[in-house]
Amino acid sequence: MKKAPYIEIENLDKLMAYASENDGFAHIAFQDIDFNEVPDPFCKRSYADCIFMGCDIPECLKPHMNDHCFVFPNFDMPFVTYPSELYSSETLYDGFDPKKEETFDDCYDSRVYKHYIEAGKQARCISETLARSLHDHSISDALYDFLDNYDEKDVIAVMGGHALARTDAGYRKVAYISKALTERGKLMVSGGGPGAMEATHLGAWMAGRSEKELDDAIDMLSVAPSFCDEHWLSSAFEVMAKYPQESFFSLGVPTWFYGHEPAAAFATHIAKYFDNSVREDGILTIAKGGIIYSPGSAGTLQEIFQDAAQNHYETFGYASPMVFLGKKYYTEDIPVYPLIQDLLARGKYKNLILSITDDPDEVVSQLV
């Protein structure tokens, strides 16, 4: 007999709501809950077949936990072992003052990256690797909780190079496309870094505003065209302050594996991972509404063929559109598009839904 999923409780509001309707707790997964902050009667309730992840548990509660309860303690790390929700620019850049560029080195994201490098990208210490895996598991859990708010075919990803400058015409194209699709109810996803990825989240952030305002935002960002330039991050915070956003969302999925590239602050929800392979496959997996390929290098090419394989096998029950933005780039500079067309014509690939264009409006029309 299949066991029912655990009920997940990640905050005190959910805990109190459940407690108001139930005398005890059974088959519950508690995440990052401080039971010292709840009323004393919680120490007298029964806890059966419960999972406690990163919870603070007072001694008075422990005698009421049966033998089928499992406790996973926090690890002594500079990162939260069991994040109960996705990151945001506020939490990831906690400690960063846009008026003091040097504070970037002391923010949460920088501290975690420094530890990650010191411990080793391919760490050998079992406590380190376990803590990272538990962190990434919790991020995936929070990610799919967030995606439950969307139809799976409304999730669209943009793949492209991190080197795309804010002053490049392609940056505006990606931002325009993302803005238009977000306004049509799509959730835009990217690898959550700079370049085309940041343009994706800028576009979603500017959803509901005019193209003139989008151009003004890009002008503000142009003071630091590359993520290597001073004021790259602070200029993004300046745009967010001038054009606040509370109605539209986007999802960035960056990794500390490429932690030298700062995460795109315009992403309202950020699923940051330690394991880059989980992150890369995860983006392709969730983007069931299609993927837009803007010009990129080796990483983008890898993603094209990974996506083609998923669509060929209809891994998730159907194929999703593959839209290539940049005719010359994908037919001459890196002629991957005619290669895939040829393989499709000869039956080496099946089920692929391909298109290529230079027109942002055509991209939008292919995906709505």
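Scroll up to find the structure.
Owing to the predicted nature of the structure, the values given are computational and were not obtained by experimental measurement.

> Before we move on, could you go through the layout of surface pockets and cite the residues and values that matter?
Counted as a void, the largest pocket has a volume near 380 Å³. As for the largest pocket, its lining consists of 23 residues, and the residues nearest its centre are His162, Met197, Tyr258, Glu261 and Arg279. Listed by contribution, the elements that provide at least two residues to the lining of the largest pocket are strand 7 (155–159), helix 9 (276–286) and helix 10 (298–313). A per-class count over the lining of the largest pocket returns 8 nonpolar, 10 polar and 5 charged.

> Before we move on, can you summarise the packing of helix 7 (residues 211–221) against helix 8 (residues 232–242) with the specific residues and values?
For the pair helix 7 and helix 8, the least separation of the axes is 9 Å and the interaxial angle reads 150°. The orientation of helix 7 relative to helix 8 falls into the category roughly antiparallel. Our pair here, helix 7 against helix 8, has a crossing hand that is right-handed. Facing helix 7, whose interface residues are Asp216, Ala217, Met220 and Leu221, helix 8 presents Ser235, Ala236, Glu238, Val239 and Lys242. Tallied by class, the residues present in the contact of helix 7 with helix 8 amount to 5 nonpolar, 1 polar and 3 charged.

> Any chance you could break down the sheet that holds strand 1 (residues 7–9) for me, citing the residues and the numbers?
Across the sheet, 4 strands lie side by side as 1-3-5-6; this open sheet has parallel pairing. On the outer flanks of this sheet lie strand 1 and strand 6 (70–72), each paired with one strand and no other. Direction aside, the axes of adjacent strands within the sheet are offset by 15° on average. Here strand 1 pairs with strand 3 (residues 28–31) via 3 bridges, running parallel.

> Any details on the pattern of salt bridges? Residues and values, ideally.
Tallying each qualifying case throughout the model produces 14 salt bridges. When the shortest N-O distance is used, the salt bridge between arginine 172 and aspartate 215 registers 2.6 Å. Taken together, the residues arginine 172 in helix 5 (residues 169–183) and aspartate 215 in helix 7 connect sequence positions 43 residues apart. Classification of aspartate 215 by relative accessible area gives partly exposed; the value is 29%. Here the salt bridges share partners, and the residues they tie into one network are Arg172, Glu211 and Asp215.

> So what about helix 6 (residues 196–205)? Which residues, and what values?
Most of helix 6 is tucked away, with 10 of its 10 residues classed as buried. Three or more residues of helix 6 are buried, namely Ala196, Met197, Glu198, Ala199, Thr200, His201, Leu202, Gly203, Ala204 and Trp205.

> Quick one: what's the story with empty space enclosed by the protein, residue by residue and with numbers?
Within this structure, the stated rule accounts for 2 cavities of 30 Å³ or more. Here the largest cavity defines a volume of roughly 80 Å³. Along its surface, the largest cavity is lined by Leu284, Ala287, Lys288, Asp307, Gln310, Asn311, Phe316, Tyr318 and Ser320. Per-element accounting of the lining of the largest cavity gives the leading share, 3 residues, to helix 10. Broken down by class, the residue content of the lining of the largest cavity amounts to 4 nonpolar, 3 polar and 2 charged. Computed from the structure, the second largest cavity encloses a volume of approximately 30 Å³. The wall of the second largest cavity is formed by Val158, Val174, Ile177, Ser178, Met188, Ile292, Ser294 and Leu325.

> Please set out the environment of asparagine 351 residue by residue, giving values where relevant.
Within the secondary structure, asparagine 351 is located in the loop between helix 12 (336–345) and strand 13 (353–357). Spatially, the C-alpha atoms of asparagine 351 and tyrosine 243 are 42 Å apart, while their sequence positions differ by 108 residues. Apart from the residues lying within four places of it in its own chain, the contact partners of asparagine 351 are Asn311, His312, Glu314, Ala319 and Leu344.

> Describe the state of the cysteines, naming the residues involved and giving the relevant values.
For the coordinates displayed, the defined rule picks out 1 disulfide. Note on cysteine connectivity: cysteine 43 is disulfide-linked to cysteine 60, with sulfurs 2.0 Å apart. Linking cysteine 43 in the loop between strand 3 and strand 4 (47–48) with cysteine 60 in the loop between strand 5 (51–53) and strand 6, this pair joins segments that are 17 residues apart in sequence. What makes cysteine 43 buried here is its relative accessible area of 11%.

> Can you tell me about the side chain of glutamate 198, naming the residues and giving the values?
Along the chain, glutamate 198 falls in helix 6. Apart from the residues lying within four places of it in its own chain, the contact partners of glutamate 198 are Arg166, Tyr171, Gly193, Trp232, Ala236, Ala264 and Phe266.

> Before we move on, could you go through the sheet that holds strand 8 (residues 187–190) and cite the residues and values that matter?
Pairing in this open sheet of 7 strands is parallel, and the strands run 10-9-8-7-11-12-13 from one edge to the other. On the outer flanks of this sheet lie strand 10 (269–270) and strand 13, each paired with one strand and no other. Looking at chain direction, strand 9 (residues 250–252) and strand 10 are connected through 2 bridges and run parallel. Considered in strand 10, the bridge of glycine 252 is made with isoleucine 270. Sitting on the sheet, helix 4 (residues 126–147) touches strand 7, strand 8, strand 9 and strand 10, and the angle it makes with strand 9 is about 160°.

> Describe the packing of aromatic side chains, listing the residues and the values that go with them.
Under the defined criterion, the tally for this structure stands at 27 aromatic pairs. Residues phenylalanine 30 and phenylalanine 35 carry aromatic rings whose centres are separated by 5.2 Å and whose planes lie at 80° to one another, so their mutual orientation is edge-to-face. Here phenylalanine 35 falls in the buried class, since its relative accessible area comes to 2%. Between tyrosine 93 and phenylalanine 237, the aromatic rings sit 6.1 Å apart at their centres with planes inclined by 75°, giving edge-to-face as the arrangement.

Calculation notes
- Residues numbered from 1 in each chain as written.
- Predicted model: local features only at pLDDT ≥ 70, side-chain atom pairs only at ≥ 80, totals over all residues.
- Heavy atoms only, no water.
- 1 Å grid on protein atoms, 1.4 Å probe; cavity = no way out; pocket = protein on both sides within 12 Å on 5 of 7 lines; lining within 4 Å.
- Points joined across faces, edges and corners; volume = space filled by probe spheres on them.
- Helix = DSSP H or I, 4+ residues; strand = E, 2+ residues; numbered from the N terminus.
- Nonpolar A, V, L, I, M, F, W, Y, C, P; charged D, E, K, R; others polar.
- Axes fitted to C-alpha atoms, helices over the stretch in contact; angles between N-to-C directions.
- Parallel < 35°, antiparallel > 145°, perpendicular 65-115°, else oblique.
- Left-handed = near helix turned anticlockwise from the far one by under 90°.
- Contact = heavy atoms within 4.5 Å.
- Pairing = 2+ DSSP bridges.
- Salt bridge = Lys/Arg side-chain N within 4 Å of Asp/Glu carboxyl O.
- Buried < 20%, exposed > 50% of the residue type's maximum accessible area, 1.4 Å probe, protein only.
- Disulfide = S-S within 2.5 Å.
- Phe/Tyr/Trp six-rings, centres within 6.5 Å; stacked < 30°, edge-to-face > 60°.

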